[in-house]
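So the chains spell out like this:
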Amino acid sequence: MYIPGRSFIALILLALVALMIPAFAGRAEATEEMTPLVLAVQDAPVPFMGSDGQVHLVYELWMANFSSADVSVVKAEVLGDGTVLQTLDTATVASRLQPAGMRESAGTLARSTQSLLFLNIALAPGTQIPHELSHRLSLHVSAAPAGHQELSESGGTIAVDRQSVVSIGPPLRGDRYISADSCCDATRHTRAALPVNGRVWLAQRFAVDWEQLNERGQIYAGPREKLESYAIFGKPAIAVANATVESVVDNQPEQTPGSFPTDISLDAADGNAVILNLGDRRYALYAHLQPGSIKVHPGEKVVLGQVLGLVGDSGNSIVPHLHFQVSDGPSSLSSNGLPYEIDDFQVTGKTAGTKAFDEAESNGTVLAVTPVSPPQDVKKAMPLDQLIISFAAH
């Protein structure tokens, strides 16, 4: 039945006034209240150890604005087993709330729209991992009557996924590698929500683009458009575990560095690629390899440290690099990104951030790096974003 806008507002007012009135006589514990945002978590977070020594919970809180006007998120709190773990103020929410299908963030949900709040909960060493997460939001609801537009809403309760985290070796050998766009707040990967086959997937939730510095601290030296100018070009990509080759693509040409290609189809985005089946529904993707360099075939058994192919610039790539990720399915797109922990590596420095990295990648200038001295030996952890990493030989 159609309800005119004025009647609908009156209905909201009545509901607000009656928030604490029992819904039915004799059932004092049952109350009904308007919840203009419908909250849900699609993929429960899997706790993992980061290279910063903290346990991380990375996931997305889905918000659907089921009202007839804008809803602004003033504050968001994440609770673990009822205790506040993290509080996001208005500005922080606005930087992490992304409307469905968009790559720009906004703190307001337009009427009848959906957004994803990208969350990274870091637990200090010794903190107990919660069994359950929930969320409490402070909202400004424009559709509510004057004087009743400030609401508090709770929801999005989810049990933490305590599945084991796969432990792997490094995907490369050597030093001066940059963990570009790695976990946990790098927007290019962490927020790459894609609608594929009728579901929204975040296969790249924990992906990293490995690049490398030369001895002078540059990503490339020489002509920008020349593949051989880049320090990482041609480096061997190696198996991170004893595994089975799930799939291989080796028919894509190299791109010209310096700009993204404009005519790449979805099935060619990874360029020349290898997917390894690590077992227990975990798959490792190596993307953008050199054409003709892949040395393995589907169904082949590989061992830790075995060369799979050479780093190139094929597919949807702007410069030579190795895109690496672990997910729960054999597709690089229609799967759910999973965390992993690399057995052993060293952190030798940290860049000045994504902006500085992008400038060095674009201009060939020396990348500003703050050395870590002595180098930090890390075991069984995920390299976080914008670190300079050394891998031992395997």
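Residues numbered from 1 in each chain as written. Predicted model: local features only at pLDDT ≥ 70, side-chain atom pairs only at ≥ 80, totals over all residues. Heavy atoms only, no water.

1. Topic: the overall build of the chain
As a reminder, the rule being used: Put simply, DSSP marks the helices as runs of H or I at least four residues long and the strands as runs of E at least two long, and each gets a number from the N terminus on. The reference for a compact globule is 2.2 Å times residues^0.38; the radius of gyration itself is calculated from the C-alpha atoms. Think of it in three bands: residues with accessible area under 20% of the maximum for their type are buried, residues over 50% are exposed, and the middle band is partly exposed, with areas taken using a 1.4 Å probe on protein chains only. Any pair of residues with heavy atoms lying within 4.5 Å of one another is described as a contacting pair. Residue burial considers only the protein chains on display, and all accessible areas are found by Shrake-Rupley using a 1.4 Å probe. The charge count treats Lys and Arg as positive and Asp and Glu as negative. His and the chain ends do not count. In plain terms, the charge of a residue is placed at NZ if it is Lys, CZ if Arg, CG if Asp and CD if Glu.
Counting its regular elements, the chain contains four helices and 27 strands. In summary, the chain has a C-alpha radius of gyration of 24 Å against a globular reference of 21 Å for 394 residues, a match within 12%. Counting the 394 residues in the chain, one finds 49% classified as buried. Of all intrachain contacts in the chain linking residues separated by at least 6 positions in sequence, the fraction that spans at least 24 positions is 73%. For the chain, the accessible surface area stands at approximately 17,600 Å², while carbon and sulfur atoms represent 54% of it. Across the chain, 26 positive and 41 negative side-chain charges occur, with their mean positions spaced 1 Å apart.

2. Comments concerning the state of the cysteines
What counts here: Here, a disulfide means two cysteine sulfur atoms that sit within 2.5 Å of each other.
Applying the stated rule across the entire model yields one disulfide. Disulfide pairing is shown between Cys183 and Cys184; the S-S distance is 2.0 Å. One disulfide, between Cys183 and Cys184, carries an S-S torsion of 90 degrees and so falls in the right-handed class. A single burial state applies to Cys183 and to Cys184, both of which are buried.

3. Topic: unusual backbone geometry
Between Cys183 and Cys184 the backbone carries a cis peptide bond, its omega angle lying at 20 degrees. Along the chain, Cys184 falls in the loop between strand S14 (174-180) and helix H3 (187-190). A cis amide bond links Ser373 with the next residue in sequence, Pro374, at an omega value of -5 degrees. Looking at the element boundaries, Pro374 is found in strand S26 (residues 369-381). One non-glycine residue, Ser112, lies in positive phi territory at about 55 degrees. Mapped onto the elements, Ser112 comes out in the loop between strand S9 (108-109) and strand S10 (114-123).

4. Structural notes on helix H4 (residues 354-363)
This is how it is decided: Directions from the helix axis toward the C-beta atoms define the arc.
Looking only at H4, the buried set comprises Phe357, Ala360 and Glu361. For H4, the buried positions fall inside an angular range of 100 degrees around the axis, keeping them on one side. Of the exposed residues in H4, those oriented more than 90 degrees away from the buried face are Lys355 and Asn363. Residues of H4 that are buried in the fold lie against S14 and strand S17 (208-212).

5. What to know about the nonpolar core
Selection rule: By nonpolar core is meant a set of buried Ala, Val, Leu, Ile, Met, Phe, Trp, Tyr and Cys residues that side-chain atoms within 4.5 Å join together.
Trp210, Leu276, Leu278, Tyr286, Phe324 and Tyr340 are the most contacted members of the largest nonpolar core, which totals 46 residues. With four residues, the top contributor of residues to this core is strand S25 (residues 340-351). Other than its neighbours up to four places away in sequence, Leu276 contacts Ala239, Val240, Ala243, Thr244, Val245, Glu246, Arg282, Tyr283, Ala284, Tyr286, Val302 and Leu308. Membership of the second largest hydrophobic core comes to 29 residues, among which are Val41, Ile129, Leu133 and Val141.

6. Regarding the confidence of the model for the chain
Defined as follows: pLDDT measures how confident the predictor is about each residue, on a scale from 0 to 100.
Overall, the predicted model of the chain reaches an average pLDDT of 92, with 92% of residues at or above 70. Note that residues 1-28 has pLDDT below 50 and, in this model, 28 contacts with residues that lie over four places away or in other chains.

7. A short note on the packing of aromatic side chains
Keep this limit in mind: Aromatic contacts are taken between Phe, Tyr and Trp rings whose centres are within 6.5 Å, Trp giving its six-membered ring; a plane angle under 30 degrees counts as stacked, one over 60 as edge-to-face, and the others as tilted. We count a charge as sitting over a ring when the NZ of a lysine or the CZ of an arginine lies within 6 Å of the ring centre and within 35 degrees of the ring normal.
Counted by the stated rule, this structure contains six aromatic pairs. Where Tyr220 meets Tyr230, the ring centres are 4.9 Å apart and the plane angle is 35 degrees; that geometry is what we call tilted. Taken together, the residues Tyr220 in the loop between S17 and strand S18 (236-238) and Tyr230 in the loop between S17 and S18 connect sequence positions ten residues apart. Residue Tyr220 is classed as buried on the basis of its relative accessible area, which comes to 6%. By relative accessible area, Tyr230 is classed as buried at 3%. With centroids separated by 5.3 Å and ring planes inclined at 75 degrees, the aromatic side chains of Tyr286 and Phe324 adopt a geometry described as edge-to-face. Of this pair, Tyr286 sits in strand S21 (residues 283-289) while Phe324 sits in strand S24 (residues 322-327), placing them 38 residues apart in sequence. An identical accessibility class is assigned to Tyr286 and Phe324; each is buried. Here a set of aromatic residues connected by ring pairs shows up, and it is made of Tyr177, Trp210 and Phe391. Seen from the ring of Trp201, Arg199 lies directly overhead, with NZ or CZ sitting 4.1 Å from the centre.

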